[in-house]
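Reading the structure
Take a look at the letters that make up each chain.
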Amino acid sequence: MTQRDEPWLMRTYSGHSSARASNELYRTNLAKGQTGLSIAFDLPTQTGYDPDHVLARGEVGKVGVPVVHLGHMRTLLDGIPPGQMNTSMTINATAAWLLALYVANAQEQDVPTTALRGTTQNDIVKEYLSRGTYIFPPEPSKRLIVDMVAWCAQHAPKWNPMNVCSYHLQEAGATPVQEIAYSLATAIDVLDAVRDSGQVAPEQFGQVFGAISFFVNAGIRFVEEICKLRAFTELWDRIGFERYGVTDAKARRFRYGVQVNSLGLTEAQPENNVQRIVLEMLAVTLSKNARARSVQLPAWNEALGLPRPWDQQWALRMQQVLAFETDLLEYGDLFDGSTVIEAKTGELRDAAWAELQEVLSLGGAFAAVDELKGRLVRSMSERTRRIEAGDLTVVGVNAYTETEPSPLDSPGNILTVDPAIEHELIAELEQWRGARDQAAVDAAVAALHDAAVSGANIMEPSIALAVAGGTTGEWAGCLREVFGEFRAPTGVNAAVGRRVGELAAVAEFVKSMTGGPPRFLVAKPGLDGHSNGAEQIAVAARDAGMEVVYSGIRLTPEQIVASARDEDPDVIGLSILSGSHLSLVPAIVDMLRAEGVDAPVIVGGIIPEADRQRLADAGVSAVYTPKDFELSRIMRDVANLAAAHRSTN
């Protein structure tokens, strides 16, 4: 009988509402055959705010599970033995804190840190470039990653302290060459810093190198994606041997997990997403020599909203059918000797190596954030231009749009989070604070502050604060005082002037408007950091001749209203993808009107059809979702709204 390879770890990226609800979901998924946990945290947890902070308003439990203190970690992992589970945590700016909570929970169960297996994503560069859940400036952020790498090398050698994440680079528009080069540059920055920190002995460096894993994206061009991963594998091996002198071939192995592309999932005809997901899964499993170590698949309806347990089960079953029903795992690499694969792999490898050297010449990924962000915004602008022009076919969106009614399009086809969760969590937090030993918490916060100032490793005082009952907001607040906060570049200016042809008619109309070009305020309220859509709207508006005010992500309603009052815009555009639109948008509109700002408000994001009327009733003039890919039409709408607004004032 043919010897079968062991299948990859099968994960489902999940978490929502509360630690208790998420624990029930995890245990259900594990019972269905999932073999690893992949925890999604809500935005306040990811950005270091407690649920009673003004910026957490409307965001609690929406895109992941809120974990504020050790009690939540206990509940989240109840009945899931930490010494036996392989746990992936998608967490970056607050990664040290969540690992501290995970360690403290394990210690309560007498599980030694040496037994812990899992991964903290902990790639802050891609947060600056694409996902937006950063807190601190680049250098302090790098220092926190280095501290985690060093601590894990000594205390948790089976834990992957950093998962270099190229996934979100592709979501932000990166080409395969950029995805490879920028993520490798990030890994090199961190490894150089670990080596130079003096916290890890030279003889341990091979172990450190082997503990760095990657989290990649697999798009629909699956032949190119296979070659991308083979190129990744070759380059990582080369870097380990040539730059760091790692002689153990096993330690130099490119180890990666994957979630297949969400950028390509469509709101229009969402049933087509099933075949997209399957094809993208093949890109990371067919080539044995570059096969993923873990796979998590999105659900068919993630372009519509939060998937239900049944939708996640469907995604898990896709993996199980491939792994257990087909003969894929009975053979060696299917592509060895393929001239097509070898040629494309070589092309991507050489181009990515050249791009990597250019990034390193700029000082590395951390130093070159502004330049890399501009390049990604330009790449995304080119992608959206090609879709709008029909040069890039997206079935159901810009081609083959005729469709039968879908039996999947029924009420309740996405999961909604009860807004009462936020109020319940705030009340529970007050009880937690009242029951703990405040003196112990204060002492732990002081020790954390001292470590941050002195340069001592941050992990032990973080664990001590977790044990004392500290909160996510207290941990991050302490470090904000020492390190400060960061405002990442928007990259918009780097892409302006590249879409003039498609917007020529709008630009001519704008030139003819009485009173000069309209002023368009684009704003992202709340903690949602996925700024690709807002950036492309800002780029298109400037290319159409409008005056654009866009200051980036993570604004309070009060800040947006103040900007509108001071800038006197003709139109205000709000971008929200986290599901908090019903909480934030009506409140912002009410505050604008109370301040005497009567400019029309439009909203863009992942907005369920059922919510359109509620937003209209709240005073919103227009709603745009991902299916509205024609930016020239949106810009014409904005210009018309501006003209109508001026005519009534």
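The preceding data block contains the structure.
Read on for an overview of the structure.

Another point: the overall build of the protein chain. A tally of regular secondary structure across the protein chain gives 25 helices and 15 strands. Against the globule reference of 26 Å for 649 residues, the protein chain gives a C-alpha radius of gyration of 24 Å, in line with a compact fold. Projecting the C-alpha coordinates of the protein chain onto the three principal axes gives extents of approximately 70 × 65 × 50 Å. Within the protein chain, the fraction of its 649 residues that count as buried is 60%. In the protein chain, of all internal contacts separated by at least 6 residues, the share reaching a separation of at least 24 is 81%. Within the structure as shown, the protein chain displays about 24100 Å² of accessible surface, and the carbon and sulfur contribution to it stands at 52%. Taken together, the 57 basic and 81 acidic charged side chains of the protein chain have centroids lying 3 Å from each other.

The tally for this structure, following the rule as stated, stands at 16 aromatic pairs. A centroid spacing of 5.8 Å and a plane angle of 55 degrees characterise the contact between Phe214 and Phe232, whose relative ring orientation is tilted. Of this pair, Phe214 sits in strand β8 (residues 212-218) while Phe232 sits in helix α10 (residues 222-243), and the two are 18 residues apart along the sequence. Both residues of the pair, Phe214 and Phe232, belong to the buried class.

Another point: the sheet that holds strand β13 (residues 571-576). Reading across from one edge, β12-β11-β13-β14-β15 is the order of the five strands in this open sheet, with parallel pairing throughout. Of all the strands in the sheet, the pair left with one neighbour each is β12 (547-550) and β15 (620-624). Neighbour to neighbour, the strand axes of the sheet diverge by 20 degrees on average, direction disregarded. Summarising the sheet, strand β11 (residues 519-523) and β13 pair through four bridges and their orientation is parallel.

When two helices pack together, you describe them by how their axes are tilted relative to each other and by the distance separating the axes. In the contact formed by helix α21 (residues 532-543) and helix α25 (residues 631-647), the axes pass within 10 Å of each other and the chain directions differ by 70 degrees. Taken together, α21 and α25 sit at an angle that is classed as roughly perpendicular. Of the two elements, α21 crosses α25, and the hand of that crossing is right-handed. In this structure, α21 contributes Gln536, Ile537, Ala540 and Ala541 to the contact, and α25 contributes Leu631, Ile634 and Met635. Its residues assigned to classes, the contact of α21 with α25 comprises six nonpolar, one polar and no charged.

Thresholds applied
- Residues numbered from 1 in each chain as written.
- Predicted model: local features only at pLDDT ≥ 70, side-chain atom pairs only at ≥ 80, totals over all residues.
- Heavy atoms only, no water.
- Helix = DSSP H or I, 4+ residues; strand = E, 2+ residues; numbered from the N terminus.
- Rg over C-alpha atoms; globule rule 2.2 N^0.38 Å.
- Buried < 20%, exposed > 50% of the residue type's maximum accessible area, 1.4 Å probe, protein only.
- Contact = heavy atoms within 4.5 Å.
- Areas by Shrake-Rupley, 256 points an atom, 1.4 Å probe, with all protein chains shown as cover.
- Lys, Arg positive; Asp, Glu negative; His and termini not counted.
- Charge placed at Lys NZ, Arg CZ, Asp CG, Glu CD.
- Phe/Tyr/Trp six-rings, centres within 6.5 Å; stacked < 30°, edge-to-face > 60°.
- Pairing = 2+ DSSP bridges.
- Axes fitted to C-alpha atoms, helices over the stretch in contact; angles between N-to-C directions.
- Parallel < 35°, antiparallel > 145°, perpendicular 65-115°, else oblique.
- Left-handed = near helix turned anticlockwise from the far one by under 90°.
- Nonpolar A, V, L, I, M, F, W, Y, C, P; charged D, E, K, R; others polar.

Coordinates in, geometry out; function isn't part of it.
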